[in-house]
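The lines below spell out each chain.
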Amino acid sequence: MISKIDHLGIAVRSIDEALAYYQSVLGLTCEGREEVPSQMVKTAFFAVGEVHIELLEPTSDDSPIAKFLVKNGPGIHHIAYATDDIHGQLSQAKESGARLIHEIPFEGAGDKLVAFLHPKCSFGVLTEFCQAKH
Ligand code: ZN
C-alpha cells in the first residue's frame, strides 16, 4: 500500500550549483549525497518534513537524466511514492493496465528498492515506487 510521497526527483545539470539554492535560498540541509551507478546519476537529498527532495545529476550522456535534461531542461523529473510492498504495487499497477518501465525493482539511492511506471500511462508524470529495505 502507498503510505506517503517519499520524495520528488528534480533533474539538475550540476548538484554543486543547485546546492546553493536549496541550502541558502530555502535554508535546507543536505542529508546526504550518493552515486547510483546503475542509473548513471549522482543524488543529493534534502528533508522537507517527511518528504524529501532528490536532486539528480547525470554522470554520463547515456543517463536517463541526461536525456531528460536535453529534452526538458532542469525541473521536476518524478514523484516517488513509498510503499511497504513494491512487488505487490507493481503487480497491481500492471493488472490495472499501467505500463511498467521496470518489472523487477532495483537498488536505488538511500538503501531502497525502486521501480518506475512509464509517464505515458501516468499523465506525463514519471512515477516511482520505493520501499525501504530495512
Ligand atoms: Zn527517486
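Residues numbered from 1 in each chain as written. Predicted model: local features only at pLDDT ≥ 70, side-chain atom pairs only at ≥ 80, totals over all residues. Heavy atoms only, no water.

**Concerning the layout of surface pockets**
Piece 1. If you add up the space inside the largest pocket, you get close to 750 Å³.
Piece 2. Forming the boundary of the largest pocket are 34 residues, of which Ile65, His77, His78, Phe116 and Leu126 lie nearest the centre.
Piece 3. Counting residues per element, the ones that place at least two in the lining of the largest pocket are strand E1 (2-11), strand E3 (41-48), strand E4 (51-58), helix H2 (64-72), strand E5 (75-83), strand E6 (106-108), strand E7 (112-117) and strand E8 (126-132).
Piece 4. For the lining of the largest pocket, the element with the highest residue contribution is H2, accounting for six residues.
Piece 5. Taken together, the residues that form the lining of the largest pocket break down as 17 nonpolar, eleven polar and six charged. (1 Å grid on protein atoms, 1.4 Å probe; cavity = no way out; pocket = protein on both sides within 12 Å on 5 of 7 lines; lining within 4 Å. Points joined across faces, edges and corners; volume = space filled by probe spheres on them. Helix = DSSP H or I, 4+ residues; strand = E, 2+ residues; numbered from the N terminus. Nonpolar A, V, L, I, M, F, W, Y, C, P; charged D, E, K, R; others polar.)

**Brief notes about the nonpolar core**
Piece 1. Ile10, Val12, Ile15, Ala18, Leu19, Tyr22, Leu28, Ala44, Phe46, Ile53 and Leu55 together form the largest nonpolar core, which totals eleven residues.
Piece 2. If you list the elements that add at least two residues to this core, you get helix H1 (15-25), E3 and E4.
Piece 3. With four residues, H1 is the single largest residue contributor to this core.
Piece 4. In this structure, Val41, Leu56, Phe68 and Leu69 belong to the second largest nonpolar core, which totals nine residues. (Core = buried A, V, L, I, M, F, W, Y, C linked by side-chain atoms within 4.5 Å. Buried < 20%, exposed > 50% of the residue type's maximum accessible area, 1.4 Å probe, protein only.)

**As for the coordination of the zinc ion**
Piece 1. Within the protein, the atoms that donate to the zinc ion are His7 (NE2), Glu54 (OE), His78 (NE2) and Glu128 (OE), at distances of 2.1 to 2.3 Å.
Piece 2. If you look at the zinc ion, its four donor atoms make angles of 83 to 165 degrees with each other, and the shape they trace is irregular.
Piece 3. Written as a sequence motif, the donor arrangement for the zinc ion is H-x46-E-x23-H-x49-E. One end of the pair, Glu54, is in strand E4; the other, His78, is in strand E5, with 24 residues separating them in the sequence. (Donors = N, O, S within 2.8 Å, 3.2 Å for Na, K, Ca; no water. Tetrahedral: all angles 85-135°; square planar, octahedral: opposite > 155°, others 65-115°.)

**Some thoughts on H1**
Each full turn of the α-helix corresponds to 3.6 residues, which orients residues three or four apart in the same direction.
Piece 1. Taken together, the buried positions of H1 are occupied by Ile15, Ala18, Leu19 and Tyr22. The arc that holds every buried residue of H1, seen down its axis, measures 115 degrees, which confines them to one face. Exposed and oriented more than 90 degrees from the buried face of H1 are Asp16, Glu17, Ser24 and Val25.
Piece 2. Packing partners of the buried residues in H1 comprise E1, strand E2 (30-36), E3 and E4.
Piece 3. A distance of 3.3 Å separates the backbone nitrogen of Asp16 from a side-chain oxygen at the start of H1, and that oxygen is part of Ser14. (Arc of directions from axis to C-beta. Contact = heavy atoms within 4.5 Å. Polar contact = N/O pair within 3.5 Å; in protein donor to acceptor, adjacent residues only side chain to side chain.)

**Quick look at the packing of aromatic side chains**
Piece 1. Tallying each qualifying case throughout the model produces two aromatic pairs.
Piece 2. Geometrically, the ring pair formed by Tyr21 and Tyr22 is edge-to-face, given 5.0 Å between the ring centres and 90 degrees between the ring planes.
Piece 3. On the accessibility criterion, Tyr21 (42% relative accessible area) is partly exposed.
Piece 4. The class of Tyr22 is buried, set by a relative accessible area of 10%. (Phe/Tyr/Trp six-rings, centres within 6.5 Å; stacked < 30°, edge-to-face > 60°.)

**Some details on helix H3 (residues 86-95)**
Piece 1. All buried positions along H3 are accounted for by Ile86, Gln89, Leu90 and Ala93. Buried residues along H3 cover an arc of 95 degrees about the axis, so they all sit on one side.
Piece 2. Its buried side turned inward, H3 meets E1, E5, E7 and E8.
Piece 3. In the stretch just after H3, Gly97 is the one whose phi turns positive, near 100 degrees.

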